[in-house]
Amino acid sequence: MVKYFCNNTDIRSTWDYVVSAFWQRYPNPFSTHVLTEDVVYREVTSNNRLLSRRLLTKTNRLPRWADRFFPSGISRCVYIIEDSIVNPVDRKLTTYTWNLNHTTLMSVEERCVFQDSTDEPDTTLLKREAWISSGIFGFSRPIQEFGLSRYKSNQVKAMKGLEYALSNLRGDTAPWLLSDTVKDASGKAKEAAKNLASAAAPPKTQQFI
Amino acid sequence: MFYPYNTLQIWDTVGEACTELKREYDQCFNRWFAEKFLKGDRGEDPCSETFRKYQSCVQKAIKEKDIPVDGVEFMGPNKDKPES
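Each chain has its residues counted from 1, running along the sequence as written. Going through the entries in the order they are written, you letter the chains from A and number the ligands from 1. Per-residue local features of the predicted model are confined to residues with pLDDT of at least 70, and side-chain atom pairs are confined, for both listing and counting, to 80 or more; whole-chain, interface and lining totals are unaffected and use all residues. Hydrogens are left out, water is left out, and the side-chain values use all remaining heavy atoms of the structure.

Trainee: So what about the overall build of chain A? Which residues, and what values?
Mentor: Looking only at helices and strands, one finds three helices and seven strands in chain A. Only protein chains enter the area calculation, which uses a 1.4 Å probe; residues under 20% of their type maximum are buried, those over 50% are exposed, and those in between are partly exposed. Across the 209 residues of chain A, 55% fall into the buried class. Note on definitions: a residue-residue contact is assigned when non-hydrogen atoms from the two residues lie within 4.5 Å. Expressed as a percentage of contacts within chain A between residues at least 6 apart in sequence, the contacts between residues at least 24 apart total 60%. Here the Shrake-Rupley method, with its probe set to 1.4 Å, supplies the accessible areas, and only the displayed protein chains count as covering residues. Carbon and sulfur atoms make up 53% of the accessible area of chain A, which totals about 9400 Å². Secondary structure follows DSSP: runs of H or I at least 4 residues long count as helices, runs of E at least 2 residues long count as strands, and numbering of each begins at the N terminus.

So this is what it looks like as structure tokens:
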């Protein structure tokens, strides 16, 4: 049984800015749960589309009742793949994101399409869809509900992070680059989160479900 | 709510040694993307060398940390979804 979620959002920036900001949104003050972000594949196709794959690692923040599914020693990190296609002719960015591990507990897949708004000038329409499912017998429903609720709260953070990157991009004289001071501030917030984590962590073996 | 990590060293990139290479590549890419790619300029990619160095570092870190990225099909799970 899969929970499906769909919504549309207007972003008050041109598509060009949105797509540029898309690559520059980490780190930001709302993404302390995103630990790493790496491009692991990139290609410009013969019809001039940009294909990219990013690997992200995120913390796995769970409510206490989910601890029973996480015996000590299991990795708290979630590995996420984000594949994307930028079509500069049709002015369309399509992304597909899903988690690589912890999939038995929960699988979250998301598809986003960013395009020029047909209603508003200088506005980008984001259509977002998600498919959330759990394979844990007897608990799939509460896990899916939790997953959906966490997904929604993560999307609020994601939008704040994107808006943050956008507002800095628009204000900058070198529009393709976020200013370093801005990134430093975000970096400090994340450092604090990491330090808190290392202080709390006893040594454990790394395992994956 | 905050849960402790395991001993996996975590930085902005999966490979601690790759931070500077990543930064260099990202800067090159962001400039090329806005100034060339989005404007339809199909000239030579100025970032291929920095990308190669960054990838060499990152792919090594991925292997060392056993991150299961290998062989995952591009947009694989999208295949069974209805058109947006």
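Trainee: So what's going on with the state of the cysteines? Which residues, and what values?
Mentor: All names here are of chain B. The criterion for a disulfide is a pair of cysteine sulfur atoms lying within 2.5 Å. If you walk through the whole model with that rule in mind, you get two disulfides over all chains. Note that cysteine 18 is cross-linked by a disulfide to cysteine 57, the S-S spacing being 2.1 Å. A torsion of -90° about the S-S bond marks the disulfide between cysteine 18 and cysteine 57 as left-handed. One end of the pair, cysteine 18, is in the segment before helix 1 (19-35); the other, cysteine 57, is in helix 2 (residues 48-64), with 39 residues separating them in the sequence. Residue cysteine 18 shares its accessibility class with cysteine 57, and that shared class is buried. Paired by a disulfide, cysteine 28 and cysteine 47 hold their sulfur atoms 2.1 Å apart.

Trainee: Quick rundown of the packing of aromatic side chains? Include the residues and the values.
Mentor: By convention here, two paired aromatic rings are described through the distance between centres and the angle between planes. Pairing of aromatic rings covers Phe, Tyr and Trp, the last counted by its six-membered ring, and requires centre-to-centre distances within 6.5 Å; plane angles under 30 degrees mean stacked, over 60 mean edge-to-face, and any other angle means tilted. Inspection of the entire model under this criterion finds 16 aromatic pairs over all chains. With a centroid separation of 5.4 Å and 35° between ring planes, the pair formed by Trp32(B) and Phe37(B) is classed as tilted. Residue class for Phe37(B) comes out buried when judged on its relative accessible area of 1%. Ring pairing ties together the aromatic residues Phe22(A), Trp23(A), Phe114(A), Tyr25(B), Phe29(B), Trp32(B), Phe33(B), Phe37(B), Phe51(B) and Tyr54(B), which thus form one cluster. Look at NZ for Lys and CZ for Arg. If either is within 6 Å of the ring centre and within 35 degrees of the ring normal, a charge sits over the ring. The ring centre of Phe22(A) lies 4.9 Å from the NZ or CZ of Arg54(A), which sits over that ring.

Trainee: Tell me about the packing of helix 1 (residues 15-22) of chain A against helix 2 (residues 140-171) of chain A, and please be specific about residues and values.
Mentor: For any two helices packed against each other, the geometry comes down to the angle between their axes and how far apart the axes lie. Residue and element names in this part refer to chain A. A fitted line through C-alpha atoms serves as each axis, taken over the contacting stretch for helices, and the angle formed by two N-to-C directions is quoted from 0 to 180°. Between helix 1 and helix 2, whose axes approach to 9 Å, the crossing angle comes to 115°. As judged from the angle between their axes, helix 1 and helix 2 are roughly perpendicular. Like other packed secondary-structure pairs, helix 1 and helix 2 cross with a definite hand, here right-handed. Side by side, helix 1 and helix 2 meet where Tyr17, Val18, Ser20, Ala21 and Phe22 of the first sit next to Leu162, Ala165, Leu166, Leu169 and Arg170 of the second. Any residue outside Ala, Val, Leu, Ile, Met, Phe, Trp, Tyr, Cys, Pro, Asp, Glu, Lys and Arg is labelled polar, Gly included; the first ten of those are nonpolar and the last four are charged. In terms of residue class, the contact of helix 1 with helix 2 is made up of eight nonpolar, one polar and one charged. Orientation is classified from the angle alone, with under 35 degrees giving roughly parallel, over 145 giving roughly antiparallel, 65 to 115 giving roughly perpendicular, and any other angle giving oblique. Crossing handedness is read from the near helix: turned anticlockwise from the far helix by less than a right angle, it gives a left-handed crossing, and turned clockwise, a right-handed one.

Trainee: Tell me about the pairing of strand 4 (residues 77-87) of chain A, and name the residues and values.
Mentor: Residue and element names in this part refer to chain A. Most of strand 4 is tucked away, with 10 of its 11 residues classed as buried. What makes two strands pair is DSSP finding at least two bridges between them. By the bridge criterion, 10 bridges tie strand 3 (residues 50-59) to strand 4 in an arrangement that is antiparallel. Paired with leucine 51 across the strands is isoleucine 85, a residue of strand 4.

Trainee: Summarise the confidence of the model for chain B; cite the residues concerned and give the values.
Mentor: What pLDDT conveys is the predictor's confidence in a given residue, as a value from 0 to 100. For chain B, per-residue confidence averages 85 on the pLDDT scale, and residues scoring 70 or more make up 86% of the total. Counting interchain partners and residues more than four positions distant, the pLDDT-below-50 stretch residues 1-10 of chain B has 38 contacts.

Trainee: Describe the confidence of the model for chain A, naming the residues involved and giving the relevant values.
Mentor: Residue and element names in this part refer to chain A. When pLDDT is averaged across chain A, the result is 81; 78% of the residues are at 70 or more. Within the model, pLDDT remains below 50 along residues 178-182, and this stretch shows nine contacts once partners closer than five positions in the same chain are excluded. Overall, residues 197-209 carries pLDDT values under 50, and its contacts beyond four positions in sequence, including any with other chains, amount to 29 contacts.

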